[in-house]
Amino acid sequence: MDSVFAAIVQAPEDPILGVTVAYNKDQSPVKLNLGVGAYRTEEGKPLVLNVVRKAEQLLVNDQYRVKEYLPILGLAEFNKLSAKLILGDDSPAIQRNRVATAQCLSGTGSLRVGAEFLAKHYHEHTIYIPQPSWGNHLKVFTMAGLSVKTYSYYDPTTRGLNFRGLLEDLGAAPAGAVVLLHACAHNPTGVDPTVEQWEQIRKLIRSKGLLPFFDSAYQGFASGSLDADAQPVRMFVADGGECFIAQSYAKNMGLYGERVGALSIVCKAADVASRVESQLKLVIRPMYSNPPIHGASIASTILKNSDMYNEWKIELKAMADRIISMRKQLFDALTAKGTPGDWSHIIKQIGMFTFTGLNGDQVAFMTKEYHIYMTSDGRISMAGLSSGTVPHLADAIHAAVTRAS
Amino acid sequence: MRHEFTSSSSPADRRLNALIRHLATASIQSGTAVAFSPTSSFHGDSIFSHVVLAPEDPILGVTVAYNKDPSPVKLNLGVGAYRTEEGKPLVLNVVRKAEQMLLNDRARVKEYLPIVGIADFNKLSAKLILGADSPAIQENRVTTVQCLSGTGSLRVGAEFMARHYHQKTIYIPQPTWGNHPKIFTLAGLSVKTYRYYDPTTRGLNFQGLLEDLGSAPSGSIVLLHACAHNPTGVDPTLQQWEQIRQLMRSKALLPFFDSAYQGFASGSLDQDAQSVRMFVADSGECFVAQSYAKNMGLYGERVGALSVVCKTADVASRIESQLKLVIRPMFSNPPIHGASIVATILKDSNMFREWTIELKAMADRIISMRKQLFDALRTRGTPGDWSHIIKQIGMFTFTGLNSKQVEFMTREYNIYMTSDGRISMAGLSSKTVSHLADAIHAAVTRMP
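Residues numbered from 1 in each chain as written. Chains lettered and ligands numbered in written order. Predicted model: local features only at pLDDT ≥ 70, side-chain atom pairs only at ≥ 80, totals over all residues. Heavy atoms only, no water.

Asks: Quick rundown of the overall build of chain B? Include the residues and the values.
Replies: Within chain B one finds 18 helices and 13 strands. A principal-axis box enclosing the C-alpha atoms of chain B has dimensions of 95 × 60 × 55 Å. When each of the 448 residues of chain B is scored for burial, the buried share is 59%. Within chain B, contacts between residues separated by at least 24 positions form 75% of all contacts whose residues are at least 6 apart in sequence. (Helix = DSSP H or I, 4+ residues; strand = E, 2+ residues; numbered from the N terminus. Buried < 20%, exposed > 50% of the residue type's maximum accessible area, 1.4 Å probe, protein only. Contact = heavy atoms within 4.5 Å.)

Asks: Describe the packing of helix H5 (residues 106–121) of chain A against helix H10 (residues 270–288) of chain A, with residues and values.
Replies: All names here are of chain A. One way to put it is that H5 packs onto H10 with a least axis distance of 10 Å and a crossing angle of 115°. The interaxial crossing formed by H5 with H10 has right-handed handedness. Two secondary-structure elements touch here, H5 through Arg 112, Val 113, Glu 116, Phe 117, Lys 120 and His 121 and H10 through Val 276, Gln 279, Leu 280, Leu 282, Val 283, Ile 284, Met 287 and Tyr 288. Considering only residue class, the contact of H5 with H10 consists of nine nonpolar, two polar and three charged. (Axes fitted to C-alpha atoms, helices over the stretch in contact; angles between N-to-C directions. Left-handed = near helix turned anticlockwise from the far one by under 90°. Nonpolar A, V, L, I, M, F, W, Y, C, P; charged D, E, K, R; others polar.)

Asks: So what's going on with the interface of chain B and chain A? Residues and values would help.
Replies: At the junction of the two partners, chain B supplies 98 residues and chain A supplies 103 residues. In total, chain B and chain A occlude about 8,800 Å² of area from one another, counting both sides; carbon and sulfur atoms represent 58% of this. It is Phe48(B), Lys110(B) and Tyr112(B) in chain B that bury the most area against chain A; as a group they hold 10% of the surface buried on that side. For the pair chain B and chain A, the interface holds 12 salt bridges. When the shortest N-O distance is used, the salt bridge between Glu56(A) and Lys110(B) registers 2.6 Å. Linking chain B with chain A are 44 residue pairs in polar contact (both at pLDDT 80 or more). Per element, the largest residue contribution to the side of chain B that touches chain A is 13 residues, and it comes from helix H13 (residues 313–331) of chain B. (Buried area = accessible area lost by both parts, 1.4 Å probe. Salt bridge = Lys/Arg side-chain N within 4 Å of Asp/Glu carboxyl O. Polar contact = N/O pair within 3.5 Å; in protein donor to acceptor, adjacent residues only side chain to side chain.)

Asks: Account for the pattern of salt bridges, with residues named and values stated.
Replies: Considering all chains together, one arrives at 43 salt bridges over all chains under this definition. One salt bridge in this structure joins Arg155(B) and Glu116(A), with 3.3 Å as the shortest N-O distance. Highlighted residues: Arg155(B) in helix H7 (residues 149–164) and Glu116(A) in helix H5, drawn from two different chains. Exposure remark for Arg155(B): the relative accessible area of 0% places this residue in the buried category.

So, to be careful, I would describe these as geometric facts and stop short of saying anything about function.
Shown next, in the form of structure tokens:
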């Protein structure tokens, strides 16, 4: 008798994670993994922040700590501190209890819970995401029950923002539609609006009654400053309006595998926030009941202790600075080689990723001949580079761009 | 890059220029033009004004109410979390040991796990439930993915079925854990029930169970509690399991096991896995959701696994690839900490042994509480047959008390339980048994 699943087809490998799978299979000693966005040190190693190790020691050595279920919405302290982190310590929205926050599984989990809530309680079931966006966004929102459209974002000719297209597309969206906004360090392009452009975007979104859903995965990681990277979000909250925010601590606290994040919903009134919070529980409980305790406890320990918080900021800035330095080194290397083309986008773009502008053929060439692994859209993770490997990458790019096609 | 909006010929440009001018004007008028849209500004209603306050989760709500009670004699018999004789939560010694080892390993990092979780953990979990020598495992017919405890495993399995299985109905026992229907419904399955509990005997309604499963459409999914049925504590006997198995296989019903108490029910890991192993031994297919919340006391770490036992290795492999497509848009990859603790314990034979000892101690204490409560009610001459207290198995006892009696016990004796009369034996101690016995006695004699 056949399996009841005999007809199931083999699913394709996740394109982003598939890069690391391919990298791992490669035997070459000079291989370079510029695929997944996980920070690497100058030595090419993963990094656990000192302050994280310290916090973890405190927790594990506290023999009074237990492993009881968290509340459905997670660790209350963690939630409050997370809201303050993104909205600002003195945020009136927080002071007036207008913010409902739920601990979720990193950025993905926060987006999914938020989207399922919207699919259940919001009248508009379409979400507009930038073109391009993180590969998983489309699936997260679709599985949650929303339909997904795109708005113009990246301009390949300038390798910058297609601001006109963005305004047109959002301007043409139906009133009330949800709009996904990358809070900073847009993934995969690294192209962010200027503060002035953010202001125009805000006005447009508010005038059309569009609902902003921020994906904040790089706060502090982009510019090195937690406050600077939170500005777009805070601009929207300052106008008294409503919005959703998905926060991740994967990158800025290096907590990747611990799955630490938070979904905040900023509402018009405390009463609404309270009802929204009760309904969030009904989304979470049938998904995984309550969130994991360990990572959020680490984050909370750090956020609430001013010394540890300051240590964290220093280590965070060091990571951001190293990435900015890699950008400069790569740009300089290509300039020194006289590689054809304008490569200034490498230093203009911000955050972990650079959208090189290389096409699929060039990417394949670089993988085959130089053992350099990146996603086929030409996105490279600057965090995966080091002073030692920049020349190899520059060689590869130069070769890819100059070879006869 | 800043765009310059000078006069231009295209209609799009003119529209855009008009829009920009409008926005610029609006800002001069201190934003009043944007003030009346629903999502902006301090004016106007929230877009979620219509959202109603959701009722508190009935099970977790018990603890919420308990926490509010100032009485020094209050007793929480609500949530199924183990408590010591002293009424305290317990972190197993072997868990603390494993955690220290992980912490002290400076080479450990916090990188993303694969979508399906820790490979070691998955293999060891499959062995734990199916048996170390399971042919299904040896033949690579089992795919296992790390999920968020039992709930997460059930949800991922159910979403997979809703997408890939031809039958979208799942039969769940009446009664069952309160969260089951919601998990399956949100995953996209429709939920029906099969008879299970017999209130007159406070045991299994075996006839009703066979009838209802017998009339289920071929291919339907059937949820089975592997052991220590929640909330009733009533389990089929081995002979009854064998009949259930035969019936289900003859009707091609697809078993979905919820295994949340392996080792916790009888004190023996192998014994508590028998029902699952019987089904796997007949070479048929099934789903198994495992939780380490109770048997390793890892509650808040959210550690569990979903195993799918298939006919062939090829199918198992394809199913694994499709499970990733369910998990990736839900939470990308599972949390590393708790599963690392489990893997550490399961793969070290000394630690595994230590675990089985600590696990048996928990199970034994609960069995002892059952005996003590039963004896206390008999001593008081409390009307009724209370033998179900010692016949039922696992963390919970379905007392048979009705909601009025439950309410009475909460009001007069500060005893908290779910309104269906389910009590968590794990919440009892030798010291508190008499208080509970008094309360039951009073409830039964004063509010029959």
